[in-house]
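Structure at a glance
For reference, the chains in residue letters:
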Amino acid sequence: MLQPLVLSLATTLFLLGSVRATNDWSVPCLSGRCSYDLKNNTASGSLFISGSSKAISDITTAAGWAILDCNATAMNQDIRAVCTGNTTACSQLYSGGAAGTIVRLPENCGKMPFARIAKEWKHQNQTIPSQIKEKMQKRDDDPNVSTVRGMSLDTNFAAVDPSQNGNVSLFIQGSNADGANGDFTVTPPDRRGFFGDIADDVEDAAGDAVDAVGDAAGNVANDVSGLVDDALNDLYFNVSKSDSQTVDVDQPFTLFDQSIDCPASGDLPALKGEVKVGKIAVDAKAHAVIGYGVIAAGTIVPPQLSNFGLFATLDGSLNGVLTVNASATATLDSGKIQVFQVGIPGLDFPGVLSIGPSFVVNAQGIATLDTELNMAVDLAYNINGAKLFFPPDTGSSGGDFVPASTGLSLAATPNAAASGSVEAHIIPTIEFGINALDGLAQANINLDLDSSAKLTLSLDAGATASESTSTASTDPPSYYMNSYDDSSSSSSDSYYASRSTSTSDSFSGCVDVSTGLAVNAGADGSFFDLFDKSTSVSLFQKNFDLFNKCFGSGSSKKRMYRRHPRDILAKRALTCSASGADTTSLSSIVDDVISGDSITAE
């Protein structure tokens, strides 16, 4: 059991990252504790390991070693090294047997901060460069420190036998915050860790606490569940928007586009390859400001994470546009298609823990149509203060997701029986690829923002009544020009505040258009025993009414029952419409920009 500490264990871990986790290249890791700091222009983090002094060592210049041959970017390799400094420091490597020891590497040797010595021997090449010979102190009779040594390095920590020198614990914290840690120099940073400066009067107490934690590292690794959650929330509150990554997307993409031949019919000539069966297209637009951070605890020997938490922050907007054009009886399904992908700078402690984020946009269109139809609808939302904590027990997730002003244009053939349904999705996703402990566990955590639009149409032939409002504007819908001004309407405006709607041609039946936004997170696989495919977090899920109206004799009908397009999706033969390729006969059902304030949830 841990002995009572002056500081709480949560505070201990807090200070562990802030005070003592700074990587000082002038101090050798010979006492069973070592740290490594990562800092670049896009991410920073700290990795701390703790165990027996026989389990952890150091082959940097601070411990008296000079590396003669080493590839700076390799993960697994054989190197040559020679002791040039204090022989007592060099000999510490052999106190528990060099093979199986976890060692800190110099910056210019290997891609990883720590490695396992898989094998150690007297190298057959005893050549030592003259500039290194000049620095060598007089050797004693210990062959381990008086000759050039060969060492096989790798990150196969699973091959280390814990019974040799005991467990080695690890603690990691990191985020895409810039400048939170010191650099890889021998000068300690002015600002340490992720939580700001620590007052001088607590440093001594923190040092005592760190020593106690180091002496009982095995217990700490098994008893930090709530502490990791606390540290993750502290990290979240210290990552500012100025540290976040910005992604802008403006990607038009056609999901489905097909034409067929139509024979002559009455006054209509034969048309070869000119009749549009159907076209579903999206214009995926998004602006996202993304931040993230991660905390993990466990053991590197044996390799196991006992605690893990990731947070992500998101502010921005979605401004996608869906367009549908159909001139024939058809069933269309594009399947899910990736329309955009870009990498986001990640967090990488090679061989120990790597986080590789990316921003992806997928889209899908599904339609079952028996009519000529043109439709365009915006998928527009504003996102403020969205936050994800994963797994869900590490924090509270949520945010503000609000519909923005939405353009809607729909035209169909009047005085004709028509039915159909359309569903389309534009799905921006933040993906976090996670690789832990040399690939021992890998998974993707995905935060999906599934914006969708649905149309259900049921019109009757031979209408005897019509509904009309003021004459529709002949200008193109404002969302095609991306110039709609929110200030043009207020919360008291009706659905038709910005534009008028024309249904002067006869329609009989009902039309329903809705949009939806579902913001959910999940994983695609198991990650130790911490989460799996069944783990999920819901941040937001609502459907919104845009337009629901019955015309003519249908106006007395009850509100339409909205069926899911997949429920009525049936394979139909592609057939030509009665009017051929002539879409000039289409009449507007609605052509409007709907104020975001007037859009209501179902």
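Residues numbered from 1 in each chain as written. Predicted model: local features only at pLDDT ≥ 70, side-chain atom pairs only at ≥ 80, totals over all residues. Heavy atoms only, no water.

Before going further, it helps to spend a moment on the overall build of the protein chain. Along its length, the protein chain carries ten helices and 26 strands. Considering only contacts in the protein chain between residues 6 or more positions apart, those separated by 24 or more positions represent 80%. (Helix = DSSP H or I, 4+ residues; strand = E, 2+ residues; numbered from the N terminus. Contact = heavy atoms within 4.5 Å.)

The next subject is unusual backbone geometry. Between V301 and the following residue, P302, the backbone shows a cis peptide bond with an omega angle of -10 degrees. With respect to the helices and strands, the residue P302 is situated in the loop between β11 (271-301) and β12 (304-326). One non-glycine residue, L437, lies in the positive phi region at around 55 degrees. We classify L437 as buried; its relative accessible area is 4%. Within the chain, F528 stands out as a residue other than glycine whose phi angle is a positive 50 degrees. Within the secondary structure, F528 sits in the loop between β22 (509-523) and β23 (536-551). Judged by relative accessible area, which is 15%, F528 ranks as buried. (Buried < 20%, exposed > 50% of the residue type's maximum accessible area, 1.4 Å probe, protein only.)

A few words now on the pairing of strand β2 (residues 44-51). A regular strand carries its side chains on alternate faces of the sheet. Along β2, eight of the eight residues are buried, which leaves the element largely enclosed by surrounding structure. Neither face of β2 is open: one carries S44, S46, F48 and S50, the other G45, L47, I49 and G51, and all of them are buried. As paired strands, strand β1 (residues 33-39) and β2 are joined by seven bridges and run antiparallel to one another. Residue L38 lies in a different strand from β2, and its bridge partner there is G45. As paired strands, β2 and strand β9 (residues 168-175) are joined by eight bridges and run antiparallel to one another. Each residue of the ladder has a partner; that of L47, found in β9, is I172. (Pairing = 2+ DSSP bridges.)

According to the stated counting rule, one finds ten aromatic pairs in the structure shown. Each ring, one from Y381 and one from F544, has its centre 6.0 Å from the other, and the planes form 50 degrees; the classification is tilted. Of this pair, Y381 sits in strand β17 (residues 373-390) while F544 sits in strand β23, placing them 163 residues apart in sequence. Comparing Y381 with F544, the two get one shared label, buried. Feature note: the residues F308, F390, F527, F528 and F531 constitute an aromatic cluster, connected by ring pairs. When the ring centre of W121 is taken as origin, the NZ or CZ atom of K119, which lies over that ring, is 5.1 Å away. (Phe/Tyr/Trp six-rings, centres within 6.5 Å; stacked < 30°, edge-to-face > 60°. Lys NZ or Arg CZ within 6 Å of the ring centre and 35° of its normal.)

With that settled, the discussion passes to the side chain of T413. Counting through the fold element by element, T413 comes out in the loop between β19 (406-412) and β20 (418-436). If we skip the residues at most four places from it in the chain, T413 touches E372, F507, S585 and L586.

Formed by 108 residues in total, the largest nonpolar core has its most connected members in F359, V511, F527 and I589. For this core, the element with the highest residue contribution is β11, accounting for eleven residues. Non-local contacts of F359, meaning those with residues more than four positions away in its chain, are made with V247, V249, A288, I290, F340, Q341, V342, I344, P428, T429 and I430. Listed in part, the 18 residues of the second largest apolar core include I79, L105, M112 and M151. (Core = buried A, V, L, I, M, F, W, Y, C linked by side-chain atoms within 4.5 Å.)

Along the chain, K533 turns up in the loop between β22 and β23. Judged by its relative accessible area of 64%, K533 falls in the exposed class. Separated by eleven residues in sequence, K533 and G522 place their C-alpha atoms 6.9 Å apart. Sequence-distant contacts of K533, defined by excluding residues within four places in its chain, comprise A523, D524 and G525.

This part covers the sheet that holds strand β3 (residues 56-58). Judged by pairing direction, the sheet is mixed, and its six strands sit side by side in the order β3-β6-β7-β8-β5-β4 without closing on themselves. If you trace the sheet from one side to the other, it starts and ends with β3 and β4 (65-69), each paired once. With strand direction ignored, the average angle separating the axes of adjacent strands in the sheet is 45 degrees. (Axes fitted to C-alpha atoms, helices over the stretch in contact; angles between N-to-C directions.)

The next thing to look at is the pattern of salt bridges. For the structure shown, the criterion picks out five salt bridges. Salt-bridge contacts for R116 lead to D154; the nearest nitrogen and oxygen are separated by 2.7 Å. Of this pair, R116 sits in strand β7 (residues 114-122) while D154 sits in strand β8 (residues 149-154), and the two are 38 residues apart along the sequence. Comparing R116 with D154, the two get one shared label, buried. For K285, the salt bridge identified is with D283, shortest N-O distance 3.6 Å. The class for K285 is buried, based on a relative accessible area of 15%. (Salt bridge = Lys/Arg side-chain N within 4 Å of Asp/Glu carboxyl O.)

Take the environment of V339 next. Mapped onto the fold, V339 is located in strand β14 (residues 337-343). Take V339: its relative accessible area is 9%, and that puts it in the buried class. Placed 24 residues apart in sequence, V339 and A363 show a C-alpha to C-alpha distance of 6.9 Å. When sequence neighbours within four positions are dropped, the list of residues in contact with V339 reads Q251, F253, A284, V361, N362 and A363.

Looking at where A601 falls in the secondary structure, it is placed in strand β26 (residues 600-601). Accessibility expressed as a relative area gives 40% for A601, which makes it partly exposed.

This part takes up the pairing of β9. Burial analysis of β9 places eight of its eight residues in the buried class, the great majority of the element. Going residue by residue along β9, you find V168, L170, I172 and G174 tucked away on one face and S169, F171, Q173 and S175 tucked away on the opposite face as well.

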